[in-house]
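Architecture and fold: a report
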Amino acid sequence: MKEACGLFGIFSPSFDPKISKLVYYGLIALQHRGQESAGIAVSDGRRIKFHKGLGLVNEVFNEEILDELSGQLAVGHVRYSTTGSNLFDNAQPIVVEWKGKTIAVVHNGNLVNAKELRTRMTTKHITFRTTTDSELLALQLLESQTDLAQACLDLMNIAKGAYCLLIMDDQRLLAVRDPKGFRPLCMGSLNDRIVFASETVALDTVGAKFIREIEPGEVVVVDKDGLETLMIDSSTESFCIFEFVYFARPDSFFKGKSVYSVREMAGRLLAMEQPVEADIVVGVPDSGTIAAIGYASQSGINYGMGLIKNRYVGRTFIQPSQKLRSLGVKLKLNALKDLVKDKRVVLVDDSIVRGTTMSQIVQMLKDVGAKSVHVRIASPPIRYSCYFGVDTSDRRELVASVLAEKEIERMIGADSLGYLSMEGLLKATGMSREHLCLACFDGSYPVEVPCENTKYLFEKG
């Protein structure tokens, strides 16, 4: 499971020579949402300047670059793309010019009708520099003959899928959330500045005070005259449940709920639904750690850090060859032999996608002497692909879509396997089914989606 992208934006009523540094720190806080590229665009009220590149935030930017990016308003982006699209041109912000107007756009999400939109715009002789649907959105906004704020509202009747957007021209900053509200976006204040971010943790990092979440179907416009809100009629929200399960940092909040608390409760409920006699509970770091703590607390089984993570190996390291494919997991994780040897281990993680990584971790624990390994997953089986900004596998590669649970258990080499039920996960979030997107579990997509063989014709934001 690959993360969604991360957005950060800020509007200052006066010139701020340090504005890009605030965006930089905000993006550092959101680095978990994307590690392939990073970028920042700023405006001094007259023109837009930007810098972007491939790599982590602190690899793309230095003091000299940030000092050049001063102004009154700014947007930033970290990106995790679909396979094969890690190209400089696809890095964001996307800065486009059309008939004398220039805007910078950052996007988190994925359009399901990108092919249709691209075809329509190509017939108008509009050329594209990237393979991302983010550029489609930017060009669609500029092509509109209306005011930029109205163009954002009109866009919601054209673009289908998931999109949180931060958009800036030379004088205004706009925040947009699609009518289904698949992806998160919140607003805060920092003295006299207005700040937008994908997660509340980024507000915390720069010292901003949380105001509220942007509503589905809402456009917020900030300029020298203040703040204006525009809305379209939107249907029931379909917030991605995997923001709670995996994507977000545990110190973030959504819907007034602590991500940490939701994951800890999911672990407790998992222990109630899928008990087992064991000596130690081990979480797969970092995504399974909090659920493992909850499982241990509820079950009374001791929690232990049986797997150690190498935090200096990111997603950009040179991938091992097929012959050495197991080396990839060993570079990132190592089993603590003294802790798990001769123990019955409960191994907790947030999800299983293909199953290959989990099988290697199970084997790793057994190689150092674990007596048995009982795998417990703090979410239901993932049986369907996501089309709304998450890079899941083709459905045919999702192990739970082709194998029964007992078959998965044998495949990964576990002594037993148990998943949290849908009811348990919903109880952990405290939210009703009607306000969440659960499509990766049950195949009930909130909007019509393309066929599997057209899924990656266009890259997500």
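Residues numbered from 1 in each chain as written. Predicted model: local features only at pLDDT ≥ 70, side-chain atom pairs only at ≥ 80, totals over all residues. Heavy atoms only, no water.

This part takes up the pattern of salt bridges. All told, the structure shown has 25 salt bridges when counted by the stated rule. Linking Arg 212 and Glu 218 is a salt bridge whose minimum nitrogen-to-oxygen distance equals 2.7 Å. Exposure remark for Glu 218: the relative accessible area of 2% places this residue in the buried category. Notably, a salt bridge pairs Arg 249 with Asp 251, separated by 2.6 Å at the nearest N-O pair. Here Asp 251 falls in the partly exposed class, since its relative accessible area comes to 34%. What emerges from the salt-bridge pattern is a single network uniting Arg 33, Arg 183, Glu 199 and Glu 243. (Salt bridge = Lys/Arg side-chain N within 4 Å of Asp/Glu carboxyl O. Buried < 20%, exposed > 50% of the residue type's maximum accessible area, 1.4 Å probe, protein only.)

Burial analysis of strand β7 (residues 161-168) places eight of its eight residues in the buried class, which makes it a mostly covered element. Two strands pair when backbone bridges link them, and strand β6 (residues 101-111) and β7 are joined in this way by eight bridges, in the antiparallel orientation. Each bridged residue has a counterpart across the sheet, and for Val 105 the counterpart in β7 is Ile 167. With five bridges connecting them, β7 and strand β8 (residues 173-177) associate as antiparallel partners. If you follow Leu 166 over to β8, its bridge partner there is Ala 175. Count of turn residues in the β7/β8 antiparallel hairpin: four residues. (Helix = DSSP H or I, 4+ residues; strand = E, 2+ residues; numbered from the N terminus. Pairing = 2+ DSSP bridges.)

Here the focus is helix α9 (residues 259-273). The terminal C-alpha atoms of α9 lie 21 Å apart, and with 15 residues this matches the ideal 21 Å at 1.5 Å per residue to within 8%. Taken together, the buried positions of α9 are Val 259, Val 262, Arg 263, Glu 264, Ala 266, Gly 267, Leu 269, Leu 270 and Ala 271. The N-cap residue of α9 is Ser 258: its side-chain oxygen and the backbone nitrogen of Tyr 260 are 3.2 Å apart. (Expected span 1.5 Å × (residues − 1). Polar contact = N/O pair within 3.5 Å; in protein donor to acceptor, adjacent residues only side chain to side chain.)

On to the sheet that holds strand β21 (residues 372-377). Across the sheet, four strands lie side by side as β17-β20-β21-β22; this open sheet has parallel pairing. Edge strands, defined here as strands with exactly one partner in the open sheet, are β17 (280-283) and β22 (416-419). Across this sheet, the average inter-strand angle for adjacent strands is 25°, counted without regard to direction. Both β17 and strand β20 (residues 344-349) contribute to a ladder of four bridges, which runs parallel. When the sheet's bridge partners are listed, Val 281 is paired in β20 with Val 346. Lying on the sheet, α9 is in contact with β20, β21 and β22; it crosses β22 at an angle near 125°. Relative to the sheet, helix α10 (residues 289-299) contacts β17, β20 and β21, its axis offset from that of β17 by approximately 165°. (Axes fitted to C-alpha atoms, helices over the stretch in contact; angles between N-to-C directions. Contact = heavy atoms within 4.5 Å.)

Before going further, it helps to spend a moment on the confidence of the model for the protein. Across the protein, the average pLDDT comes to 90, with 92% of residues at or above 70. Overall, residues 453-460 carries pLDDT values under 50, and its contacts beyond four positions in sequence, including any with other chains, amount to 34 contacts. (pLDDT = per-residue confidence, 0-100.)

Our focus in this paragraph is the sheet that holds strand β10 (residues 193-197). With antiparallel pairing, the seven strands of this open sheet are ordered in space as β3-β2-β4-β1-β10-β9-β11. Because the sheet does not close on itself, it has two edges, and the strands there are β3 (48-54) and β11 (209-213). For this sheet the average axis-to-axis angle between neighbouring strands, irrespective of direction, equals 15°. Here strand β1 (residues 6-16) pairs with β10 via four bridges, running antiparallel. Bridge pairing links Phe 8 to Ala 197 in β10. Sitting on the sheet, helix α1 (residues 19-29) is in contact with β1, β2 (37-43), β4 (71-79), β9 (186-190) and β10, with an inclination near 160° to β1.

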